[in-house]
Amino acid sequence: MHSKKKLIAGNWKMNGNLTANKSLLTAVVDGLNQAQCDVAVAVPAPYLAQVERLVSGSAIAVAAQDVSVHESGAYTGEVSASMLKEFGVRYVLVGHSERRQYHGESDVVVSRKAQRALAAGITPIVCVGETLQEFEAGDTEAVVKRQLAAVIHLNGHCISEIVVAYEPVWAVGTGRTASPEQAQAVHAVLRTQVAAASEHPDRIRLLYGGSMNAANAAQLLAQPDVDGGLIGGASLKAADFLQIIHAAR
Ligand code: 13P
């Protein structure tokens, strides 16, 4: 077991509106009580200011879902790390499988995004995970190691400051979750890999994501190398998200 606090991060993806965000976060803040874990919500960029206000004074941290590889300039539509920082953003997802899949983000792009976040003082949550095809071919380990190696290669000196999220693509939004044993096996591989590159391996948290819900969270979170969760659909329902938060201890 690792002594660090677990991290439960909600990823709203492209969901929400001003009214729904307010009622969701009011309910989550109300139900937090003495949560034993760290909590964050990754929200669409236009809602960062609203969410920063709604969670201020609570234990919930604000996260963004993406960040530009560029520092500033003529990059229409992009949002820089320093802009996120101005809105109190503590974490940013980089390399989510939906970004890799639908926006063609390569391992190198993901590594550069992590670098931008770190330079701005924002913790990147680096997402790795294999597709169904890669899973069925037995390539899981090779794929996640390659994805993480790129991030380590570019950010080795501050690798202890990252969070890693293992999200098997076949489990994202499918209702099909990795078994606790499958998750633990991949996390153990990732642990060995980051530990070899880090001066403070104990700080690094490894999250599991992919159809984590109120019913399966406790078992996944009980695995020795699962230090938290990255929650999609279930983070949009206050009761479910709270149940996951309270399962993390
Ligand atoms: P679901 O929890 O909806 O499967 O999404 C997982 C995810 O992609 C979190 O980033």
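Shown above is the structure to which this text applies.
Okay, so let's go over this structure. (Residues numbered from 1 in each chain as written. Predicted model: local features only at pLDDT ≥ 70, side-chain atom pairs only at ≥ 80, totals over all residues. Heavy atoms only, no water.)

## Looking at the pairing of strand 7 (residues 205-209)
Phase 1: Here strand 7 lies mainly inside the structure; five of its five residues are buried.
Phase 2: Alternating residues of strand 7 divide into Arg-205, Leu-207 and Gly-209 and Leu-206 and Tyr-208, and every residue in both groups is buried.
Phase 3: Bridge analysis of strand 6 (residues 163-166) against strand 7 gives four bridges, and the strand direction is parallel. Following the sheet pairing, Tyr-166 is matched in strand 7 by Tyr-208.
Phase 4: At this point the chain moves from strand 6, through helix 8 (residues 180-197), to the parallel strand 7, and the crossover so formed is right-handed.
Phase 5: Bridging between strand 7 and strand 8 (residues 228-231) involves two bridges; their strand directions are parallel. Residue pairing across strands places Tyr-208 opposite Gly-229, the latter belonging to strand 8. (Buried < 20%, exposed > 50% of the residue type's maximum accessible area, 1.4 Å probe, protein only. Helix = DSSP H or I, 4+ residues; strand = E, 2+ residues; numbered from the N terminus. Pairing = 2+ DSSP bridges. Right-handed = clockwise from strand over helix to strand, strands pointing away.)

## Description of unusual backbone geometry
Phase 1: The phi torsion at Lys-13 lies on the positive side, around 55°, for a residue other than glycine.
Phase 2: For Lys-13, the position within the fold is in the loop between strand 1 (7-11) and helix 1 (18-31).
Phase 3: With a phi angle near 50°, Asn-33 is a residue other than glycine that sits in the positive phi range.
Phase 4: Mapped onto the elements of the fold, Asn-33 is located in the loop between helix 1 and strand 2 (38-43).

In short, the description is geometric, and any link to function would need to be established separately.
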